[in-house]
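Breakdown of the fold
Take a look at the letters that make up each chain.
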Amino acid sequence: MSADSRAGTATFDVIVVGAGFAGVCAAIKLSQQGTDNFLVFEKAAGIGGTWWYNTYPGAACDIASHLYCYSFEPNPDWSRKYSPQPEIQAYIEHCARKYGVLDRIRLNAPVEHCEFDQDRELWLVTTPAGISAARHVIFAGGGLHRPVYPDIPGRDSFNGPAMHSAEWDHSVDFSNRRVAVIGSAASAIQLVPELAKVAASVDVYQRTPNYIAPRGDREFSALERRRFARWPWLNRLYRRYLFLRGEWLLYPIVRSKKRSRWRSRVERMLRSHMRTVLIDSATREAMIPAYPLGCKRILSADNFLPALNLSHVKLRTSPIDRIDTGGLHTADGRYLPADILVFATGFDLEEHMRRTPVTGVGGLALCDAWADLPAAYKGGFVPGFPNFYFTTGPNTGVGTTSIVLMIEAQMELILQAIAAAGRSRLIEVKQHALQRYNEDIQRALQGTVWAGSCSSWYKREDGRISSLYPYDARTYIADHRRLVMADFQLSDRH
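Note that the structure is a prediction, hence the values are computed from the model and not measured.

Parameters at a glance
- Residues numbered from 1 in each chain as written.
- Predicted model: local features only at pLDDT ≥ 70, side-chain atom pairs only at ≥ 80, totals over all residues.
- Heavy atoms only, no water.
- 1 Å grid on protein atoms, 1.4 Å probe; cavity = no way out; pocket = protein on both sides within 12 Å on 5 of 7 lines; lining within 4 Å.
- Points joined across faces, edges and corners; volume = space filled by probe spheres on them.
- Helix = DSSP H or I, 4+ residues; strand = E, 2+ residues; numbered from the N terminus.
- Nonpolar A, V, L, I, M, F, W, Y, C, P; charged D, E, K, R; others polar.
- Buried < 20%, exposed > 50% of the residue type's maximum accessible area, 1.4 Å probe, protein only.
- Right-handed = clockwise from strand over helix to strand, strands pointing away.
- pLDDT = per-residue confidence, 0-100.
- Contact = heavy atoms within 4.5 Å.
- Phe/Tyr/Trp six-rings, centres within 6.5 Å; stacked < 30°, edge-to-face > 60°.
- Lys NZ or Arg CZ within 6 Å of the ring centre and 35° of its normal.
- Pairing = 2+ DSSP bridges.
- Axes fitted to C-alpha atoms, helices over the stretch in contact; angles between N-to-C directions.
- Patch = residues over 30% accessible without salt bridge, like charges linked within 9 Å, V, L, I, M, F, W, Y side chains within 5 Å.
- Areas by Shrake-Rupley, 256 points an atom, 1.4 Å probe, with all protein chains shown as cover.
- Salt bridge = Lys/Arg side-chain N within 4 Å of Asp/Glu carboxyl O.
- Expected span 1.5 Å × (residues − 1).
- Arc of directions from axis to C-beta.

With the rule as written, the count across this model stands at 1 cavity of 30 Å³ or more. In this structure, the largest cavity occupies an estimated 40 Å³ of space. Residue lining of the largest cavity: Phe381, Val382, Phe385, Asn387, Phe388, Tyr389, Ile427, Glu428, Val429 and Phe488, and that is the complete set. Tallying contributions element by element places strand E20 (residues 425–429) first for the lining of the largest cavity, with 3 residues. Taken together, the residues of the lining of the largest cavity break down into 8 nonpolar, 1 polar and 1 charged.

Let us look at the pairing of strand E9 (residues 178–182). Residues in a regular strand project their side chains so that they alternate between the two faces of the sheet. Within E9, 4 of the 5 residues are buried, which leaves the element mostly enclosed by the surrounding structure. Handedness of the crossover joining E9 and strand E10 (residues 201–205) through helix H4 (residues 188–196): right-handed.

So, on to the confidence of the model for the protein. With 97% of its residues at a pLDDT of 70 or more, the protein has an overall mean of 94. Predicted confidence for residues 1–7 stays below pLDDT 50, and this span has 14 contacts to residues more than four positions away or in other chains.

On to the packing of aromatic side chains, then. Across all of its chains, the model carries 27 aromatic pairs by this definition. Ring centres of Tyr377 and Phe488 lie 5.4 Å apart, and the angle between their planes is 85 degrees; on these two criteria the pair is classed as edge-to-face. Of this pair, Tyr377 sits in the loop between helix H11 (366–369) and strand E19 (388–390) while Phe488 sits in strand E21 (residues 488–492), placing them 111 residues apart in sequence. Each member of the pair Tyr377 and Phe488 is classed as buried. Between the aromatic rings of Phe381 and Tyr389, the centroid separation amounts to 5.7 Å while the plane-to-plane angle is 75 degrees, which identifies the pairing as edge-to-face. Note on accessibility: Phe381 and Tyr389 belong to one class, buried. Within the aromatic cluster, the residues linked to one another by ring pairs are Phe21, Trp51, Tyr68, Tyr70, Phe72, Trp78, Tyr91 and Tyr99. For the cation-ring pair, Arg104 lies above Phe38, with the distance from its terminal atom to the ring centre recorded as 5.0 Å.

With that out of the way, let us pick up the sheet that holds strand E17 (residues 340–343). The 5 strands are arranged E8-E17-E9-E10-E13 in an open sheet whose pairing can be described as parallel. Here the strands that pair on one side only, and so sit at the sheet edges, are strand E8 (162–164) and strand E13 (313–316). Each adjacent strand pair in this sheet contributes to an overall mean axis angle of 20 degrees, direction not counted. Two elements, E8 and E17, share 3 bridges in a ladder whose sense is parallel. Residue pairing for E17: His164 is matched across the bridge by Phe343. The strands touched by H4 are E9, E10, E13 and E17; relative to E9, the strand with the most contacts, the crossing angle is about 175 degrees.

The grouping of Trp231, Trp233 and Leu237 at the surface amounts to a nonpolar patch, some 330 Å² of accessible area in total. For Trp231, the location among the structural elements is in the loop between helix H5 (222–230) and helix H6 (232–254).

Before going further, it helps to examine the sheet that holds strand E16 (residues 335–337). Taken in spatial order, the 3 strands of this open sheet run E14-E15-E16, and their pairing is antiparallel. Every interior strand has two partners, whereas the edge strands, strand E14 (320–323) and E16, have only one. Pairs of neighbouring strands in the sheet enclose a mean axial angle of 25 degrees, with direction left out of account. Relative to E16, strand E15 (residues 327–330) runs antiparallel, the two being bridged by 3 bridges. When the bridges of E16 are listed, Gly327 appears paired with Pro337.

Take the pattern of salt bridges next. Inspection of every chain in the model, using the stated rule, returns 25 salt bridges. A salt bridge links Arg464 to Asp372; the nearest nitrogen and oxygen atoms lie 2.9 Å apart. On the criterion of sequence distance, the pair formed by Arg464 in the loop between helix H13 (431–445) and helix H14 (473–479) and Asp372 in the loop between H11 and E19 is long-range, its members being 92 residues apart. When salt bridges that share partners are traced, they join Asp13, Arg135 and Arg423 into one network.

A few words now on helix H3 (residues 85–98). When the terminal C-alpha atoms of H3 are compared, their 20 Å separation across 14 residues agrees well with the 20 Å that a helix rising 1.5 Å per residue should span. Turning to H3, its buried residues are Gln85, Ile88, Gln89, Tyr91, Ile92, Cys95 and Ala96. The arc that holds every buried residue of H3, seen down its axis, measures 155 degrees, which confines them to one face. Turned more than 90 degrees away from the buried face of H3 sit Pro86, Arg97 and Lys98, all of them exposed.

As C-alpha cells, this is what we get:
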C-alpha cells in the first residue's frame, strides 16, 4: 500500500464493494492471481450479503445446494438438497477464512460515493472512515436485500410490530398473534409455513398467483455426505447434473413467447399438483395462474400449499385499500385485524446498482448514464467508467441456474480487464460495443416468455428488461471466457 501525499489517501490496486458471494469471490480470485494490494468494503456488520440480511424463519436457497456454491470450493457437507440460510452464511465465512481474505474485508463500511479523479486517473472511494484511492473498482453489491414496500395508505400508522422479510426483527414473539403477511411470492412461501406453526392466525395477502412447483427437499444422509467428501468426482458429477437439468428442462420454458408442447405439459403438471394439494375450492382457484408459465418467476416449495389448508391460515385476494392502527381494510369492504405486519414484497433489483453514487469521466453520474435503461457490456462494463466493473450488473440473471455460476463467469472477464490495464493503464468499453451488445440482448429478450403479457418485477413499464439474460447459462459462460479487446480502448495513465 502506498501513500498519496497529495490527497492523504491510501492507494490500492483494487477496491471491491460488497462482501457477499460476489465480493468474496472477487477477493479470492484477486488473491489467487497475485494481487495483494486490495480492500473489500462491506456496509453490514458481517459478510454474506443476501444471506446476512435475509434471516426470516424458513429462509433457504431455491437453487440446489451443490450448485449454489463456488466451483473451486465444493461443499460435500450440505445438510439438505436446498440449504437453509445459516448454512449458506457459514459457507461464505468458511471460504473467506480458508482463502485468507477475511483481513482484507472492512465491515460497517458503506461506500458513500465512487468518483473518478481525472487528474490522477484513480477512483476515489468514500466511506465513513474517509477516502481511499484505487486503480480499479469491482462493484459486487447484490440486489436481494434492498426492500421494496408497497404504497398502501396508512402503512406507517400501524401500532404493532411491522417488518420486511429482509429486515427481520427477531425480538418479536409471533406466538398466538394475528399475523398479516403482505405478499405471496418467494419469501412468503418460505416464511408462512413457519409462522403458521406458532401464530394464532396468518392472513396471506396475494396480488397475483404464482406457479408453485414441488421442491422435493430432503436431508442428505450421513452416508451420502461421506461419499461426496470421499469422492470429489461424485460431487462434481452431481453438480453437473443439476446444471444441465436447468439448461435442458427449465430454459426451454422461458426461451420463447410462443407456446410449446413442453411448456404446456409442465403448466398442466403444476396446475394439477396445486389443485391436488389445496383442499378449499376457492383457495384452489385463486392460486392457479392464468398467464404462461415462466412469465413470472417460478416458485418451488413443499410446505406452502399444505400450510394454506390449515384452518388458521387464510388466503386474501381482495386488494388492500388502507392500513390503520390495528389492521387492514380491503377493497371488498372487510376489516381484518392484525397484531403484526410482515411485508414479503421483494426487492428493488435496479436500484441496488444505482443507489451508491458513482461518478465517471467528465462528471458523468451512473444514474444519468442509466436514466433510460441500465445497460452494461456483458453485464460488467459501462462507457465513461474506466477500470470500473460490475459482477451482477444489468442483464446477468439467467433465471434457470445459480447466480454463483454467473458471478464466477463475470469474474473471468473482470480479471482479464484488470490484467490488461494493470497499474499503468485505463481500460474502457467502447460505446458502439455496448450499443451492439445491448441491442442484441434487448431484441432477444423480447422473444422470451418474460416479455409476455403478465406484469412482473423482471419487466419495466415500457416492456424492456434490464435484469435478465435471454440465452442459456452455457452461452453466458462461453461468452465470458475471453475479453474481446477490440471492444475496449486502452490508454496510458498520465
